[in-house]
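A look at the structure
The lines below spell out each chain.
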Amino acid sequence: MAGQDTTAYDAVLKDWYEGAIRDQIVTRAKMYRRFQDKDANQWGGRHVTYPIRTGRNQGIGAYAEAGSFPTPGRNKYTDVFIPMRYVGGRIRLTSQAMKHSASSKGAFAAAYQQEQDGLVEGFINEFGRMVWSDGRGVLAFVSADTTTTTLNVDSPGGAAGTINGSRFLNVDELITFVEPVTGALRASADESVVAVATTGLTVTTGTTLAGAIADNDYVVRANVAAVSDISGTSYAKEPMGLRGLIDDGTYVATLHGVNRTTYPIFASTIIGSASVPVGALSADVIMRGLDVAEQRGGGNIDLFACHHAVRRAYLQLMNDDRRYVGGDLSAPDAGTKAAKGRNMTFGGIEIEVDKYADYDVFYGIDTSTLVRFVEVPGEWI
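Residues numbered from 1 in each chain as written. Predicted model: local features only at pLDDT ≥ 70, side-chain atom pairs only at ≥ 80, totals over all residues. Heavy atoms only, no water.

A few points about the overall build of the protein
If you tally the helices and strands in the protein, you get 5 helices and 16 strands. Across the 381 residues that make up the protein, the buried fraction comes to 33%. Of all intrachain contacts in the protein linking residues separated by at least 6 positions in sequence, the fraction that spans at least 24 positions is 68%. For the protein, the computed accessible surface area is about 23500 Å², with 52% contributed by carbon and sulfur atoms. (Helix = DSSP H or I, 4+ residues; strand = E, 2+ residues; numbered from the N terminus. Buried < 20%, exposed > 50% of the residue type's maximum accessible area, 1.4 Å probe, protein only. Contact = heavy atoms within 4.5 Å. Areas by Shrake-Rupley, 256 points an atom, 1.4 Å probe, with all protein chains shown as cover.)

Comments concerning the pattern of salt bridges
Oppositely charged side chains can form a pair if their charged atoms are brought close together. The final tally for this structure, using the stated rule, is 13 salt bridges. Ionic pairing is found between Arg 136 and Asp 134, a salt bridge with its closest N-O pair at 3.0 Å. Judged by its relative accessible area of 2%, Asp 134 is buried. Across the pair Glu 173 and Arg 221 runs a salt bridge, and its minimum N-O distance is 3.3 Å. With Glu 173 in the loop between β5 (150-154) and β6 (174-178) and Arg 221 in strand β9 (residues 218-221), this residue pair connects regions lying 48 residues apart in the sequence. Within this structure, Glu 126, Arg 129, Glu 173, Arg 221 and Glu 238 form a network of salt bridges that share partners. (Salt bridge = Lys/Arg side-chain N within 4 Å of Asp/Glu carboxyl O.)

A closer look at the packing of aromatic side chains
This structure, assessed with the given rule, holds 10 aromatic pairs. Between the aromatic rings of Phe 304 and Phe 346, the centroid separation amounts to 6.0 Å while the plane-to-plane angle is 80°, which identifies the pairing as edge-to-face. Remark: Phe 346 occurs in strand β13 (residues 344-346) and Phe 304 occurs in strand β12 (residues 303-306); sequence separation between them is 42 residues. The buried category is assigned to Phe 346, whose relative accessible area is 13%. Ring-pair connections join several aromatic residues into one group, and the members of that group are Phe 304, Tyr 314, Phe 346 and Phe 362. The residue whose ring lies beneath Lys 355 is Tyr 356, and the NZ or CZ to ring-centre distance is 5.2 Å. Sitting over the face of the ring of Tyr 32, Arg 372 holds its NZ or CZ atom 4.1 Å from the ring centroid. (Phe/Tyr/Trp six-rings, centres within 6.5 Å; stacked < 30°, edge-to-face > 60°. Lys NZ or Arg CZ within 6 Å of the ring centre and 35° of its normal.)

Observations concerning the sheet that holds β13
Backbone-to-backbone hydrogen bonds pair the strands of a sheet. The strands run either parallel or antiparallel. With mixed pairing, 4 strands are arranged side by side in an open sheet as β13-β14-β12-β15. In the strand order of this sheet, the two ends are held by β13 and β15 (363-365), each with one partner. When the angles between neighbouring strand axes are averaged without regard to direction, this sheet yields 35°. Where β12 and strand β14 (residues 349-353) come together, 4 bridges link them in parallel fashion. Residue Leu 303 lies in a different strand from β14, and its bridge partner there is Glu 350. Contacting β12, β13 and β14, helix α4 (residues 283-297) runs over the sheet at an angle of about 65° to β13. (Pairing = 2+ DSSP bridges. Axes fitted to C-alpha atoms, helices over the stretch in contact; angles between N-to-C directions.)

Regarding helix α2 (residues 111-130)
Here α2 contains 20 residues, and its C-alpha end-to-end distance of 28 Å stays within 8% of the 28 Å for a straight helix at 1.5 Å per residue. Among all positions in α2, only Ala 111, Gln 116, Leu 119, Glu 126, Gly 128, Arg 129 and Met 130 are buried. For α2, the secondary structure elements touched by its buried residues are α1 (95-100), β4 (138-142) and β9. (Expected span 1.5 Å × (residues − 1).)

With respect to the environment of Ala 210
By secondary structure assignment, the location of Ala 210 is in the loop between β8 (202-205) and β9. Separated by 22 residues in the primary sequence, Ala 210 and Ser 188 have C-alpha atoms spaced 6.9 Å apart. Not counting residues up to four positions away in its chain, the partners in contact with Ala 210 are Thr 146, Ala 187, Ser 188 and Ala 189.

Some words on the nonpolar core
Among the nonpolar cores identified, the biggest contains 29 residues, and Met 31, Trp 132, Leu 151, Phe 177, Val 219, Leu 242 and Ile 365 are the most heavily contacted of them. Every element with two or more residues in this core is listed here: β4, β5, β6, β12 and β15. The greatest single-element share of this core, amounting to 3 residues, is contributed by β4. Setting aside residues up to four positions removed in sequence, Met 31 forms contacts with Val 131, Trp 132, Leu 242, Leu 303, Ala 305, Glu 352, Asp 354, Ile 365 and Leu 370. Grouped together as the second largest cluster of nonpolar side chains are 15 residues, Ile 286, Phe 304, Tyr 314 and Ala 338 included. (Core = buried A, V, L, I, M, F, W, Y, C linked by side-chain atoms within 4.5 Å.)

So, α4
Here α4 is 15 residues long and its end C-alpha atoms lie 22 Å apart, about the 21 Å a rise of 1.5 Å per residue gives. For α4, every residue scored as buried is listed here: Val 285, Ile 286 and Leu 290. Each buried residue of α4 lies within a common arc of 145° when the element is viewed along its axis, so the set occupies one face. Turned more than 90 degrees from where α4 packs its buried face, Asp 284 and Gln 295 sit exposed. Against the buried residues of α4 lie β12, α5 (308-316), β13 and β14. (Arc of directions from axis to C-beta.)

Concerning the sheet that holds strand β7 (residues 191-196)
Ordered by their spatial adjacency, 6 strands build a closed barrel running β4-β5-β8-β7-β6-β9, and the pairing between neighbours is antiparallel. The mean angle between the axes of side-by-side strands here comes to 50°, regardless of whether they run parallel or antiparallel.

Here we look at the environment of Gly 45
Turning to its location among the elements, Gly 45 is positioned in the loop between β1 (36-39) and β2 (47-55). For the pair Gly 45 and Met 84, spaced 39 residues apart in sequence, the C-alpha separation works out to 9.0 Å.

Description of unusual backbone geometry
With phi around 50°, Ser 155 is a residue other than glycine that occupies positive phi space. Examined against the element boundaries, Ser 155 turns out to sit in the loop between β5 and β6. With relative accessibility at 8%, the residue Ser 155 sits in the buried group. The backbone of Asn 216 shows a phi angle near 75°, a positive value even though the residue is not glycine. On the basis of relative accessibility, which here comes to 38%, the residue Asn 216 falls in the partly exposed class.

Listed below in structure tokens is the structure:
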């Protein structure tokens, strides 16, 4: 007769459960915390508004003794209107799930607390993306017509580019499609994402995509299944992010009610556009941006921000000048403090890196202008 072994004794053996739930999801939004939180609870109403000066009094000039004084001029002003935006989410649990998970004996974590905390962390993730976006709520562009369950995408987050177009699309996410010229909803075109390809170029949807979907359509969140109206989507309802705030009109032509063509002083200086090619990132390009900010608007750039890929390009600028020294010269270290997650600097100005940033943009920011007006910091309905 065979002796006892682990296979035969398996029904009696116990599983060893170690520790708590491990979180594999990013739950930090670095740039979001850079915005000063101003309490808007006292004002209420439709929007935050304040005047800006857009032009100087030009009634100035030298004149001869007993000559004519300059013709009177005036300062010019216009109003900025910051609309209130609403971001919400929902959880749903059965009473049985809450009761069965109420004690540590029955579950690793209480279902209610876990779902509540998870939703809050989901908000942080969304705010992390939104703070880099342009208020449209665009997650990607459709990159080719299709009537299968494979959706081709590019322009992640609505930013120009073909790399990793699906970076802001997630499994189980409800999506729909918006016609880019009219802003109209594509009829009967909402879908759920069931898989995201590792290539970053496609996602798989639950059913065959509607034939009405066209190349360059916007991919946006659908708030409900079978959405029938644009109001049931996140399109054009998100808070304004850096891509719209620090822009020359490419993404946001009218920012908070101020047209950037009519008032060019409200447009940011963009170095490296098609009209001003500058090639690869360089110290001269960065310094040029600092100089222009000071000359045009007296800006005090005290923070740079970019994606990790742009930081790597920045580090390459110094490769030829770097010296490998240390206590043991037989084991030189080719890395920098960035390897431990610490921020690099340019001229003493901190360089913040964020996974949600555009891949090919290096932002120079005057953080004194980064403000978010919060009417309600968060509440349960």
